[in-house]
Amino acid sequence: MREFGYQRAHDVSGAVSLLAADPDARYLGGGTNLVDLMKTGVERPALLVDVRELPLDRIETTADGGLRIGATVTNSDLAVHSEVRRHYPALTQALLAGASGQLRNMATVGGNLLQRTRCGYFTDLSQPCNKRAPGTGCPAVAGEHHNHAVLGASDHCVAVHPSDMGVALTAFDAVVSYESADGPGEVPITDFYLPVGDTPHRETALPPGALITHVTLPAATVAAGSRYRKVRERASYAFAIGSVAAALAIEDGRVREARLALGAVASRPWRARAAEAVLTGAPADGATFAAAADAELAAARPLPHNGYKVTLMRNLVVSVLTELAGEDAR
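What you are looking at is a predicted structure, and each value in this text was computed from that prediction instead of being measured.

### Some remarks on the layout of surface pockets
1) Next: As a volume, the second largest pocket reaches approximately 420 Å³.
2) Next: Lining the second largest pocket are 27 residues, with R118, C119, H146, N147 and F239 sitting closest to its centre.
3) Next: At three residues, strand β10 (residues 240–251) tops the list of elements feeding residues into the lining of the second largest pocket.
4) Next: By residue class, the composition of the lining of the second largest pocket is 13 nonpolar, nine polar and five charged.

Structure representation (structure tokens):
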């Protein structure tokens, strides 16, 4: 591991100033991803700016009934918060499905959103990787890619984003707030992650050196009946090979409102807009749910060894929506 400096930030503006003064500095939250990448040499920061003691560890109700979540709130604290469990249960389920209890106790909301892909080529310095070293190629396209993207990928990168929390936040139109050297800003989470294109090393819309300060969840009555379902290769602790965050509001047997986001299928949490369009106003039945899944997955472009994901995600979407419709009927 490269020798590095360490400095604890005492206020947001001070933290941002430290990053502005050193382009090789990185913010340190729980360190559950960054420190691992430092050990392998993927990340080689000259300075770590510890932001854990900044006053960003609160969860507050907003004026419209939504939630404002501080960036240093731990995944464990967010998962068990009474307002999250009551109004956004899919978020609680997503958090509890991610990592182990020990990691959730350390991992922060801001860090979770910024975690890097778990693609084996990305973390192996002996291999080329366009995300780590732009222009070197993407060996996963012809190599090991059984858990890689089927939506929104390009020839330059087929890795998937690993966050469970991000999938639920995407379904509920979360907004990410940040502080930068040019002042505060915010970006909807659906625009937070950049398309892969030919620049997979540019992952988010954050300005250079910006610090995530909060994530805001708008009020959404439909979210109270939501669900997160994750499929993984082992039940104890593993990243998803497919996941769904979904919510339905049903009136007189028809879908009044639908929220749907998919995980582990693209370089970012995937908001299923095509599926939502099919669902809205249609009968809340199996035929509609299957048509919605098919509409979203029509754009899938699987690689030779991950085509199973298309079938898996179709079945997962139909299953989760059917369960939600059954609960509404009761």
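The discussion continues.
### So, the UniProt feature "domain: FAD-binding PCMH-type" (unreviewed entry) in the protein
1) Next: Mapped onto this numbering, the UniProt entry annotates "domain: FAD-binding PCMH-type" (unreviewed entry) at residues 1–222.
2) Next: Span residues 1–222 is 27% helix and 17% strand, its end C-alpha atoms 47 Å apart.

### Some thoughts on the state of the cysteines
1) Next: Tallying each qualifying case throughout the model produces zero disulfides.
2) Next: The structure places no disulfide on C119, whose sulfur is separated from the nearest cysteine sulfur, that of C129, by 6.1 Å.
3) Next: By relative accessible area, C119 is classed as buried at 8%.
4) Next: Residue C157 stays outside any disulfide, its sulfur separated by 5.4 Å from that of C138, the closest cysteine.

### Re the pairing of strand β8 (residues 211–217)
1) Next: Within β8, six of the seven residues are buried, which leaves the element mostly enclosed by the surrounding structure.
2) Next: In this structure, strand β6 (residues 175–180) lies alongside β8, joined through five bridges in antiparallel fashion. Bridge assignment links V176 to a residue of β8, and that residue is V215.

### Considerations on empty space enclosed by the protein
1) Next: Across all of its chains, the model carries two cavities of 30 Å³ or more by this definition.
2) Next: Taken as a whole, the largest cavity holds about 90 Å³ of empty space.
3) Next: Grouping the amino acids of the lining of the largest cavity by side-chain chemistry returns ten nonpolar, five polar and one charged.
4) Next: Taken together, L260, L262, A272, A275, A292, A293, E296, L297 and V317 form the lining of the second largest cavity.
5) Next: Broken down by secondary-structure element, the contributors of at least two residues to the lining of the second largest cavity are β11 (254–263) and α11 (286–297).
6) Next: A per-element tally of the lining of the second largest cavity places α11 first, with four residues.
7) Next: The residue makeup of the lining of the second largest cavity, split by class, is eight nonpolar, no polar and one charged.

Basis of the calculations
Residues numbered from 1 in each chain as written. Predicted model: local features only at pLDDT ≥ 70, side-chain atom pairs only at ≥ 80, totals over all residues. Heavy atoms only, no water. 1 Å grid on protein atoms, 1.4 Å probe; cavity = no way out; pocket = protein on both sides within 12 Å on 5 of 7 lines; lining within 4 Å. Points joined across faces, edges and corners; volume = space filled by probe spheres on them. Helix = DSSP H or I, 4+ residues; strand = E, 2+ residues; numbered from the N terminus. Nonpolar A, V, L, I, M, F, W, Y, C, P; charged D, E, K, R; others polar. UniProt positions renumbered as here; feature names shortened; annotations may be inferred. Disulfide = S-S within 2.5 Å. Buried < 20%, exposed > 50% of the residue type's maximum accessible area, 1.4 Å probe, protein only. Pairing = 2+ DSSP bridges.

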